[in-house]
Amino acid sequence: MGLTKTELRVTILAARRALPPHEHDADAHALVTHLDTLVSGTETVCAYVPVGSEPGSTELVDSLYRRGVRVLLPVARHDTAGIPLPLQWGEYRPTGLVDARFGLREPAPPWLGADAIAEASTILVPALAVDRAGTRLGRGAGFYDRTLRLAAPGARIVAVVRDDELLDELPAEPHDVPMTHALTPRRGLVTLGETDAGMTQPT
């Protein structure tokens, strides 16, 4: 019997925290080398600024910006009852980030509404793991579950994970929005929803 989502989160977060800094930095740099397969021109991309042990760094966001890509970054807020709202978005400027809750970095106001995600041809999504069917394991807050259903039809929805976080199968729920691709340091951009014998089984 496989691990529950809670058990998987604990296991993956522990492995990320145990990763030596030089390996994390090497993986972050490797992700940037795959930008040619990720973007092709002056398009709009929804991205995010990785924090803590998350794969990647601001190098990826800066590289998109230098290519002339319009980069939108998420702004996470709750309603008065403490329920996560769909993400708002702010346009990225290299000197325009401010500290936010949960240790995040976000654009300063003004912000765009949640429906701005529909302008993006590619959406980079933080994930703890993703499987070959496109099921994503997040941290469980629900911000992206409420937001991704507003994406444009045909947009690439890309989970950014470490290579060993691309798994054969994850627990799925009806509200999950499937990822179309994964981006990993060594595999690059991987199309999901297709058979891939090289996936990793959850332990």
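All values derive from a computational prediction rather than experimental measurement. (Residues numbered from 1 in each chain as written. Predicted model: local features only at pLDDT ≥ 70, side-chain atom pairs only at ≥ 80, totals over all residues. Heavy atoms only, no water.)

If you tally the helices and strands in the protein, you get 5 helices and 12 strands. On C-alpha atoms alone, the protein measures out to a radius of gyration of 16 Å, which is about the 17 Å that the 2.2 N^0.38 rule sets for 203 residues. Principal axes of the C-alpha set define a box for the protein whose edges measure 45 × 40 × 35 Å. Across the 203 residues that make up the protein, the buried fraction comes to 49%. (Helix = DSSP H or I, 4+ residues; strand = E, 2+ residues; numbered from the N terminus. Rg over C-alpha atoms; globule rule 2.2 N^0.38 Å. Buried < 20%, exposed > 50% of the residue type's maximum accessible area, 1.4 Å probe, protein only.)

Turning to the confidence of the model for the protein, a few remarks are in order. Counting all residues, the mean pLDDT for the protein is 90, and 95% of those residues have values of 70 or more. The least confident element of the protein, judged by mean pLDDT, is strand E4 (residues 97-99) at 86; the most confident is strand E11 (residues 181-184) at 98. (pLDDT = per-residue confidence, 0-100.)

On to the layout of surface pockets. For the largest pocket, the calculated volume is near 810 Å³. Put simply, the parts of the chain that give the lining of the largest pocket at least two residues each are helix H1 (5-18), strand E2 (70-75), strand E5 (105-107), strand E8 (136-137) and helix H5 (143-147). The dominant element in the lining of the largest pocket, judged by the number of residues it contributes, is H1, at 4 residues. Looking at the lining of the largest pocket residue by residue, the class counts come to 21 nonpolar, 6 polar and 12 charged. (1 Å grid on protein atoms, 1.4 Å probe; cavity = no way out; pocket = protein on both sides within 12 Å on 5 of 7 lines; lining within 4 Å. Points joined across faces, edges and corners; volume = space filled by probe spheres on them. Nonpolar A, V, L, I, M, F, W, Y, C, P; charged D, E, K, R; others polar.)

When you tally the buried positions in strand E9 (residues 156-160), you get 4 out of 5 residues, the bulk of the element. In the sheet, strand E6 (residues 122-126) pairs with E9 via 5 bridges, with the strands oriented parallel. Counterpart to Leu124 in the pairing with E9 is Val158. (Pairing = 2+ DSSP bridges.)

Applying the stated criterion to the full structure yields 1 aromatic pair. On the basis of an interplanar angle of 85 degrees and a centroid distance of 5.7 Å, the ring pair of Tyr65 and Tyr92 is categorised as edge-to-face. Linking Tyr65 in helix H4 (residues 58-66) with Tyr92 in the loop between strand E3 (88-91) and E4, this pair joins segments that are 27 residues apart in sequence. (Phe/Tyr/Trp six-rings, centres within 6.5 Å; stacked < 30°, edge-to-face > 60°.)

Let us look at unusual backbone geometry. Look at the link from Pro109 to Pro110: it is a cis peptide, with omega at 5 degrees. Looking at the secondary structure, you find Pro110 in the loop between E5 and E6.

What follows covers the sheet that holds E3. Spatial strand order, E3-E2-E1-E6-E9-E11-E12: 7 strands in an open sheet with mixed pairing. Strands with a single pairing partner mark the edges of an open sheet, and in this sheet they are E3 and strand E12 (188-191). Each strand of the sheet is rotated relative to its neighbour by a mean of 30 degrees, with strand direction disregarded. In this sheet, E3 lies alongside E2 in antiparallel orientation, the contact comprising 4 bridges. From the neighbouring strand, Val75 faces E3, where its bridge partner is Gln88. Across the sheet, H4 lies against strand E1 (44-46), E2 and E6, angled at about 140 degrees from E2, the strand it touches most. (Axes fitted to C-alpha atoms, helices over the stretch in contact; angles between N-to-C directions. Contact = heavy atoms within 4.5 Å.)

Within the span of H4, buried status applies to Leu60, Val61, Ser63 and Leu64. Along the axis of H4, the buried positions cluster into a sector of 160 degrees, meaning they face one direction only. Buried residues belonging to H4 abut helix H2 (21-32), helix H3 (35-38), E1, E2 and E6. Looking at the residues trailing H4, positive phi occurs at Gly68, about 90 degrees. (Arc of directions from axis to C-beta.)

Let us look at the pattern of salt bridges. Scanning all chains against the criterion turns up 13 salt bridges. For Arg105, the salt bridge identified is with Asp99, shortest N-O distance 2.7 Å. Bridged by salt links that share partners, the residues Asp27, Arg162, Asp163, Asp164 and Arg186 form one connected network. (Salt bridge = Lys/Arg side-chain N within 4 Å of Asp/Glu carboxyl O.)

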